[in-house]
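Chain residues, written in single-letter form:
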Amino acid sequence: MINEVPPSVDTLWDKTEDQFMKTFKYYKSNKPPPLLAEVINIEDINNTDKILLLTQKNAVQEDERAKQLGLRELKSWQLYSFKEHPGLFLIRNPFTSNGQRYWIQKCLQVYPRKPNKRNIDMETNVEDWWEACHRHGRCDKQLMKKLRWTTLGYHHNWDTKVYSDDNKSVFPEELSALCDVVARYLGYEEFRAEAAIVNYYHMNSTLSAHTDHSEVNLEAPLFSFSFGQSAIFLIGGRDKTTVPSAILLNSGDVMVMSKEARLCYHAVPKILPYAPTPWNDEAFDDQLDIMYMKDTRRSPPFKLNEWSIFENYIKESRINMNVRQVLYETQCNLKD
Ligand code: OGA
Ligand code: MN
């Protein structure tokens, strides 16, 4: 009789090993740079074995707010799912060029203003970061590079990871409307945008492996908007033992983490240059300027010459707006 061979320490180790970290390090590396052949790129049709195009043009109901929010007609959107990641969806850039410029400008000029919280609050007390970066017609590159995140609505507490009713500011109406349009498109009629992190990445920035579990309501989807340079986004399983998939996120793309994908480990190991400039593809449209003036304190409408300072930033950076619902639909605050 042949004795059954007990599993070696090596094979046990393989199963519990941090596969996520291995992949993260692979893509983070500069020397040697990673091969991108395995990265899922929705702009590359050769990757179709890992993704499914779900769009059903006829079934889509238009939303009259779309144009004002810088979105194209909903019937032209391309919605993808990922075979290995149920609950994960990607809408390929549904924004017009004006829309991209509008949101980039919001993220740089408006959202980092007090009373929103920012990483730079620990070392400076500037009210208006963008204005301080461009005071006296100069460009303070050092201050510009310092901004890594700003939080809106229920402020994410990076230490305790616990939200509090005493630590929130008004959630921007236009961002809430944007999420509402996207949520309804996916059949989530009840979604309420209540907390957001805006992440600012430079070409060498990374975001390490984590799950987003601070929200009371973890059944609501999470919406993640990318602008500027591209990112390699890793998504794995509920723990770090599964090998994650790598997905390329380009300017304008909207990632939705719902159901099984909502609590999966994810990370950004690398920012990659993106050759196209979708924020410049179409001529400037006055209608968004009007909308911008209406809902923005102190901000002038953006003009061509002014856009160039935003453009200079976005040519070397990536911005991610990461929006969550915190409460259950029946709650008005955390204590309910
Ligand atoms: C986050 C996050 C991902 C991204 O802010 O929690 O996961 O694409 N961001 O930047
Ligand atoms: Mn996250």
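The structure this text deals with has already been given above.
Residues numbered from 1 in each chain as written. Chains lettered and ligands numbered in written order. Predicted model: local features only at pLDDT ≥ 70, side-chain atom pairs only at ≥ 80, totals over all residues. Heavy atoms only, no water.

Engineer: Lay out helix α3 (residues 97–110) in plain terms, naming residues and giving numbers.
Structural biologist: Its 14 residues give α3 an end-to-end C-alpha distance of 19 Å, which sits within 8% of 20 Å, the value for a rise of 1.5 Å per residue. Most of α3 sits inside the fold, with 14 of its 14 residues counted as buried. (Helix = DSSP H or I, 4+ residues; strand = E, 2+ residues; numbered from the N terminus. Expected span 1.5 Å × (residues − 1). Buried < 20%, exposed > 50% of the residue type's maximum accessible area, 1.4 Å probe, protein only.)

Engineer: How would you explain the sheet that holds strand β10 (residues 245–249) if you had to name every residue and give the values?
Structural biologist: Read across the open sheet, the 4 strands follow the order β7-β12-β9-β10; overall the sheet is antiparallel. Looking at strand neighbours, the two that pair on one side only are β7 (207–210) and β10, the edges of this open sheet. Each strand axis lies, on average, 25° off the axis of its neighbour in the sheet, ignoring direction. Both strand β9 (residues 230–235) and β10 contribute to a ladder of 5 bridges, which runs antiparallel. (Pairing = 2+ DSSP bridges. Axes fitted to C-alpha atoms, helices over the stretch in contact; angles between N-to-C directions.)

Engineer: Mind laying out the pattern of salt bridges, listing which residues take part and the relevant values?
Structural biologist: Per the counting criterion, the structure on display carries 17 salt bridges. Note that Arg118 is salt-bridged to Asp121, the shortest N-O span being 2.6 Å. Accessibility expressed as a relative area gives 30% for Asp121, which makes it partly exposed. Between Glu123 and Lys146 there is a salt bridge whose closest N-O contact spans 3.5 Å. Here the residue Glu123 occupies a position in the loop between β4 (117–118) and α4 (129–133), and Lys146 occupies one in helix α5 (residues 141–146), the gap between them amounting to 23 residues. For Lys146, a relative accessible area of 33% translates into the label partly exposed. Salt bridges linked by common partners bring Asp63, Arg65, Asp180, Arg184 and Glu189 together as one network. (Salt bridge = Lys/Arg side-chain N within 4 Å of Asp/Glu carboxyl O.)

Engineer: Which residues make up the coordination of the manganese ion (ligand 2), and what values go with them?
Structural biologist: The protein atoms donating to the manganese ion (ligand 2) are His210 (NE2), Asp212 (OD) and His266 (NE2), with metal-donor distances spanning 2.1 to 2.2 Å. Here the donor residues of the manganese ion (ligand 2) share one chain and are spaced in sequence as H-x1-D-x53-H. In this pair, Asp212 sits in the loop between β7 and β8 (222–228) while His266 sits in strand β12 (residues 266–272), placing the two residues 54 residues apart along the sequence. Overall, the relative accessible area of 8% leaves Asp212 in the buried class. (Donors = N, O, S within 2.8 Å, 3.2 Å for Na, K, Ca; no water.)

Engineer: Residue-level account of the site of ligand 1, with values.
Structural biologist: Around ligand 1, the neighbouring residues are Asn199, Tyr201, Leu207, His210, Asp212, Phe233, His266, Val268, Arg318, Asn320, Asn322 and Arg324. Within the side chain of His210, a nitrogen or oxygen atom sits 3.1 Å from an oxygen atom of ligand 1. Arg318 places a side-chain nitrogen or oxygen 2.8 Å from an oxygen atom of ligand 1. For ligand 1, the accessible surface in isolation is 290 Å², of which the surrounding protein chains cover 97%. Of all elements in the fold, only β6 (195–202), β7, β12 and β13 (317–324) reach the threshold of two or more residues within the shell around ligand 1. For the shell around ligand 1, the element with the highest residue contribution is β13, accounting for 4 residues. The residue makeup of the shell around ligand 1, split by class, is 4 nonpolar, 5 polar and 3 charged. (Near = heavy atom within 4 Å. Polar contact = N/O pair within 3.5 Å; in protein donor to acceptor, adjacent residues only side chain to side chain. Areas by Shrake-Rupley, 256 points an atom, 1.4 Å probe, with all protein chains shown as cover. Nonpolar A, V, L, I, M, F, W, Y, C, P; charged D, E, K, R; others polar.)

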